[in-house]
Amino acid sequence: MRLTWWEKRWLEAIFEGFAPPRADAAEGLLTPEPGEVDHVGRFAEMNEHASPIAKLGMHVAVHLVGLAPVWTGTKLAGFDRLDEEARVALLEELMEHPFALVKELSWLMKVQAAMTLFGTPSIRARSGYDRGREEKMPVRLRVKKDGSMKEVA
Amino acid sequence: MGLFDRLRGGWVYEDDADYVIVGTGAGGATAGKVLAEAGHDVLFLEEGPRLKTKDRPRDAIGALSGSMRQAATQTTAGPVPIPVLQGVCVGGSTAMNSGIIWRMPEDVREDWITNHGLASLVDEGELERIYETVEEDLEVSPTGDDVLGGNATLMRQASEKLGLPGKPMSRNAARCDGKGECLQGCPGEKRQSMDVSYVPRAMAAGARLSTLCRVEKVWIEGGRAVGVIGSKMDRHTRKPLGRFRVRARHVIVSAGVVHTPIILKRSGLGGLVGHRFQAHPGAAIVGRFAEPVRMSYGATQGYEVPMRSRGFKLESLSLPPEMLAARLPGVGAEWQERVANLDCYTQWCAQVRMEAKGRVVPGPFGPLVFYQPTARDLAKAKEALVLICRMMFEAGAVEVYPGIGGIPEVLRSPAEVDAVEAQKWSPAAIHLVASHLFGTACAGANPGRSVVGPDLQSHEVAGLYVMDASVFPTNMGVNPQHSIMAVTYRAAEQLALRGGARQAA
């Protein structure tokens, strides 16, 4: 799925809005380090085989949220120009929006953000998801050259 | 073959067979196995690739984009799109489902006999014999306590406390070791999906398999099916490389409920092709527990609460972390706190037997599925989801996330569930997903009310058969894989007997 340069900037900012990256992670929060997640690359990979309608929907969603600061009256700028606090507040507003279309497309962005975030092996490892399995069976995840994961006993 | 096809020519691949089978899911693989073991020359054509288990990605992105149709973005058309999940690889949807096995309920069988004239297809004694054979072949057994895992065990506790009719699921995975990766392809090939069971068995009996072959239409001459025409696809881009044709004495279309009617329509069949699309759409609720649940260990789906009289079935459903995280409420620090403890959640879903009927038609970018649940369907879904919320608190959840628009994102007590139940839910509020699909080329004795006869041969075109869930005249209220296999097994046995000895096409 091809994205324009401004779509890439918005996409990165939107996904980082859901889980803002920090060099100094706060206790009890799952915080990506800056540059740890390849949001744009994973997003493109994920949507390579998507249906034409779904691809169109993704572009619409990126533009809807990317331009949300303007049409909500927050700021005359794209989403990437907001600071961290404003990004979180705006995403919260969009996820609770009275128009179902806005809410659904914002939720779609959150689904995609979760996919790219937890598709990153180091983030998955910190989430604790695999703890139960590690105790039951000696399984480790190895990162392959292409970035995908492989189980090894 | 039309004039356009003759002029276009340039075939990159040509072949012939006694039987060409379009699709390798539960229907196609079963038909191929029966026919090949009866000594017939069988050629499978599969649109997707053959995925070796060791090469299948373990992350959700890779799993969805590599083996599911349109990377799981296929949806119904209309104001409230419902994702429609289908596999597109050798094994079809059986290569990523949870292997849940249910025999066809007796009331469904009686309805098919009484109202659709299918007595010979669903003969009680014959089906019983076939069920036993398939269950032995696919190592069907109830999920053992050792691999139930935390997610299913908590559902069992809640079910027992509330006196609900729950039970461990029967699955085609007797040797399951609880890795919880059915969606990504069972790592140890413990689940007997078609790609590791009936397709290899058919090939051991002489069947051939051509992958990345997308069949576009049935080749018809003089009112009889004589083969299929389609496009050979590139493995990576999934774009057409060139056209192919296969001659055959019999054509069996098993491309699934969405694509079978499209192939039939492109081949010139009309009537009720594409009509009577039905489904068991479902939705899921997530619960948070104070102690680790450890969803990552255990059968992907291990426990169920069948409530057919109420029109739904509840199931435990473990998800990969990417999908689980997307279901948790919050943005920023609130979400980051929740996703930092991904081992503390359960997810249980409801599959609803809906009365709504839809239609599949060809569209500019692929099939269009028009389907809209009725008000009664949504009322059943609401009843099921409210019950799941109550079960989660009964099991000890500290927070429940309904994921339903217009009601609170987080419930913290059973009293809040009562309040939610009293609220009116908007029709678009429930995020439904459909994976059990039925109809679109229904079987029946009356040609005016069906597409194929009780032998699953087209009423319009001799030598053309449909063998997948498209032929089901109704949905069932239980997981369909076993019934698809039983019905196609029965029809393929009858066809093998009629087809006589091996004969070159």
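How each quantity is defined
- Along each chain, residues carry numbers from 1 onward, in the same order as the chain's sequence is written.
- Key to labels: chains lettered from A, ligands numbered from 1, both in the order written.
- Two thresholds apply to this predicted model, a pLDDT of at least 70 for residue-level local features and 80 or more for giving and counting side-chain atom pairs, whereas whole-chain, interface and lining totals are computed over all residues.
- Derived side-chain values reflect all non-hydrogen atoms in the structure, with water molecules and hydrogen atoms excluded from consideration.
- Each helix is a run of H or I in the DSSP string that is no shorter than four residues. Each strand is a run of E no shorter than two, and both are numbered from the N terminus.
- A 1.4 Å probe rolled over the protein chains alone gives each residue an accessible area, and that area as a share of the maximum for its type sets the label: buried under 20%, exposed over 50%, partly exposed in between.
- Where accessible areas are quoted, they stem from the Shrake-Rupley method and a 1.4 Å probe; at the residue level, only the protein chains shown are allowed to cover.
- To get the radius of gyration, use the C-alpha atoms; to get the globule rule, take the number of residues to the power 0.38 and multiply by 2.2 Å.
- Working convention for charge: Lys and Arg count positive, Asp and Glu count negative, and His plus the chain ends are omitted.
- The location of each charge is read from NZ of Lys, CZ of Arg, CG of Asp or CD of Glu.
- The set of buried Ala, Val, Leu, Ile, Met, Phe, Trp, Tyr and Cys residues whose side-chain atoms join them within 4.5 Å is what this entry labels a nonpolar core.
- Contacts are assigned to residue pairs that have any heavy atoms within 4.5 Å of one another.
- Each pair of strands is called paired provided DSSP finds at least two bridges between the two strands.
- Working convention: axes come from line fits to C-alpha atoms, limited for helices to the stretch in contact. Angles between N-to-C directions cover 0 to 180 degrees.
- Multiplying 1.5 Å by the helix residue count minus one yields the expected span of that helix.
- What pLDDT conveys is the predictor's confidence in a given residue, as a value from 0 to 100.
- Where each domain begins and ends follows an automated or database-derived domain assignment.
- Put simply, buried area is the surface a 1.4 Å probe can reach on two separate parts but cannot reach once they are joined, added for both.
- Every case where a carboxyl oxygen of Asp or Glu lies within 4 Å of a side-chain nitrogen of Lys or Arg is listed as a salt bridge.
- Nitrogen and oxygen atoms within 3.5 Å of one another constitute a polar contact, given that in protein one can donate a hydrogen and the other can accept it, and given that sequence-neighbouring residues count only through two side-chain atoms.
- Only Asp, Glu, Lys and Arg are considered charged in this grouping, and only Ala, Val, Leu, Ile, Met, Phe, Trp, Tyr, Cys and Pro are considered nonpolar; every other residue, Gly among them, is considered polar.
- Like-charged residues are merged into a patch within 9 Å and nonpolar side chains (Val, Leu, Ile, Met, Phe, Trp, Tyr) within 5 Å, provided each residue has over 30% relative accessible area and no salt bridge.
- Two aromatic rings from Phe, Tyr or Trp, using only the six-membered ring of Trp, form a pair when their centres are within 6.5 Å; if the ring planes differ by under 30 degrees the pair is stacked, by over 60 it is edge-to-face, and anything between is tilted.

1. Details of the overall build of chain A
- Check the secondary structure of chain A and you find eight helices and two strands.
- From first element to last, N terminus to C terminus, chain A shows the α and β order α-α-α-α-α-α-α-α-β-β.
- The 153 residues of chain A split such that 50% are buried.
- About 7700 Å² of surface is accessible on chain A, with carbon and sulfur atoms providing 56% of the total.

2. Considering the overall build of chain B
- Of regular secondary structure, chain B possesses 13 helices and 19 strands.
- For 505 residues, the compact-globule estimate of 2.2 N^0.38 gives 23 Å, and chain B sits close to it at 23 Å.
- If you line up chain B on its principal axes, its C-alpha atoms span 70 × 45 × 45 Å.
- Looking at chain B as a whole, 62% of its 505 residues qualify as buried.
- Total accessible area computed for chain B in this model is approximately 17000 Å², and 52% of it derives from carbon and sulfur atoms.
- Taking the average location of the 56 positive side-chain charges in chain B and that of its 54 negative ones, the two points are 5 Å from each other.

3. Concerning the nonpolar core
All names here are of chain B.
- Membership of the largest hydrophobic core comes to 132 residues, with the highest contact counts inside it found for Leu45 and Leu314.
- It is helix H11 (residues 375-394) that provides the largest number of residues to this core, a total of eleven residues.
- Not counting chain neighbours up to four residues away, the residues in contact with Leu314 comprise Met155, Tyr303, Glu304, Val305, Cys349, Ala350, Ala384, Leu387, Ile388 and Met391.

4. A closer look at the sheet that holds strand S14 (residues 345-352) of chain B
Residues and elements named next belong to chain B.
- Here we have six strands laid out as an open sheet, ordered S4-S12-S13-S14-S11-S17, and antiparallel in their pairing. A strand with exactly one partner marks an edge of an open sheet, and here the two such strands are strand S4 (167-168) and strand S17 (399-401).
- One ladder, built from three bridges, connects strand S11 (residues 282-288) with S17; its direction is antiparallel. What sits directly across from Gly287, in S17, is Val400.
- Sheet contacts for helix H6 (residues 149-162): strand S12 (303-307), strand S13 (312-316) and S14; angle to S14, the most-contacted strand, approximately 65°.
- Contacting S11, S12, S13, S14 and S17, H11 crosses the sheet at an angle of about 155° to S14.

5. A word on H6(B)
Residue and element names in this part refer to chain B.
- Compared with the 20 Å implied by 1.5 Å per residue over 14 residues, the 20 Å span of H6 between its first and last C-alpha is a close match.
- Inspection of H6 places Gly149, Asn151, Ala152, Leu154, Met155, Ala158 and Ser159 among the buried residues, and these make up the whole buried set.
- Where H6 is buried, its residues touch S12, S13, S14 and H11.
- Just downstream of H6 lies Gly163, where phi reads positive at about 70°.

6. Quick word on the pairing of strand S10 (residues 275-279) of chain B
All names here are of chain B.
- Pairing between S10 and strand S15 (residues 358-363): two bridges, direction antiparallel. Each residue of the ladder has a partner; that of His275, found in S15, is Arg359.
- Note: S10 against strand S18 (residues 437-438), two bridges, orientation antiparallel. The residue bridging Ala279 from the neighbouring strand is Leu437, located in S18.

7. Some thoughts on the sheet that holds S10(B)
- Here we have four strands laid out as an open sheet, ordered S16-S15-S10-S18 (chain B), and antiparallel in their pairing. Edge positions in the sheet fall to strand S16 (366-370) and S18 of chain B, since each has one partner strand and no second.

8. So, the confidence of the model for chain A
- Across chain A, the average pLDDT comes to 84, with 85% of residues at or above 70.
- Per-element averaging of pLDDT across chain A places strand S1 (residues 140-143) of chain A at the bottom with 50 and helix H4 (residues 68-71) of chain A at the top with 95.

9. Overview of the domain arrangement of chain A
All names here are of chain A.
- The assigned domain composition of chain A is domain 1 (5-119) and domain 2 (121-153).
- Taken together, the contact pairs nine residues of domain 1 with seven residues of domain 2.
- Taken over both partners, the interface formed by domain 1 and domain 2 buries close to 630 Å², and the fraction arising from carbon and sulfur atoms is 54%.
- Looking only at domain 1, the three residues that lose the most surface to domain 2 are Leu30, Glu36 and Phe118, adding up to 59% of its buried area.
- Our enumeration of links across domain 1 and domain 2 arrives at one salt bridge.
- Between Arg126 and Glu36 there is a salt bridge whose closest N-O contact spans 2.9 Å.
- Applying the counting criterion to the domain 1 and domain 2 interface returns three residue pairs in polar contact (both at pLDDT 80 or more).
- A class-by-class count of the residues in the side of domain 1 that touches domain 2 yields five nonpolar, two polar and two charged.

10. Comments concerning the pattern of salt bridges
Residue and element names in this part refer to chain B.
- In this structure the tally under the stated criterion is 39 salt bridges over all chains.
- In this structure, the salt-bridge partner of Arg109 is Glu124, at a minimum N-O distance of 3.7 Å. On the criterion of sequence distance, the pair formed by Arg109 in helix H4 (residues 106-116) and Glu124 in helix H5 (residues 124-137) is long-range, its members being 15 residues apart.
- Its relative accessible area of 9% is what places Arg109 among the buried residues.
- The shortest N-O distance in the salt bridge between Glu355 and Arg376 comes to 3.2 Å. With Glu355 in the loop between S14 and S15 and Arg376 in helix H11, this residue pair connects regions lying 21 residues apart in the sequence.

11. Notes on a nonpolar patch on the surface
- Taken together, the side chains of A:Leu67, A:Val70, A:Trp71 and A:Leu76 make up a nonpolar region of the molecular surface, amounting to roughly 410 Å² of accessible area.
- On the secondary structure map, A:Trp71 appears in helix H4.

12. Notes on the pairing of strand S8 (residues 224-233) of chain B
Residues and elements named next belong to chain B.
- Of all ten residues that make up S8, eight are buried, and the element is covered over most of its length.
- Taking the residues that link successive antiparallel strands as the turn, the strand S7 (residues 213-221)-S8 hairpin has two residues, and the phi of Gly222 there is positive, at about 60°.
- In this structure, S8 lies alongside strand S9 (residues 240-253), joined through seven bridges in antiparallel fashion. The residue bridging Lys232 from the neighbouring strand is Gly242, located in S9.
- Linking S8 to S9, which pair antiparallel, is a turn of six residues; within it Arg238 sits at a positive phi near 60°.

13. Digging into the confidence of the model for chain B
- On average, residues of chain B score 93 in pLDDT, and 97% of them reach the 70 mark or higher.
- In the model, residues 501-505 of chain B has pLDDT below 50 throughout and makes 15 contacts with residues more than four positions away in sequence or in other chains.

14. Describing the packing of aromatic side chains
Residues and elements named next belong to chain A.
- Evaluated as defined, the whole model comprises nine aromatic pairs over all chains.
- Seen from their ring centres, Trp5 and Trp6 are 5.7 Å apart, and the 90° between their planes marks the pair as edge-to-face.
- The exposed category is assigned to Trp5, whose relative accessible area is 60%.
- An angle of 65° between the planes, with centres 6.0 Å apart, marks the rings of Phe15 and Phe43 as edge-to-face. With a gap of 28 residues between them, Phe15 in helix H1 (residues 5-18) and Phe43 in helix H2 (residues 39-47) connect regions that are remote in the sequence.

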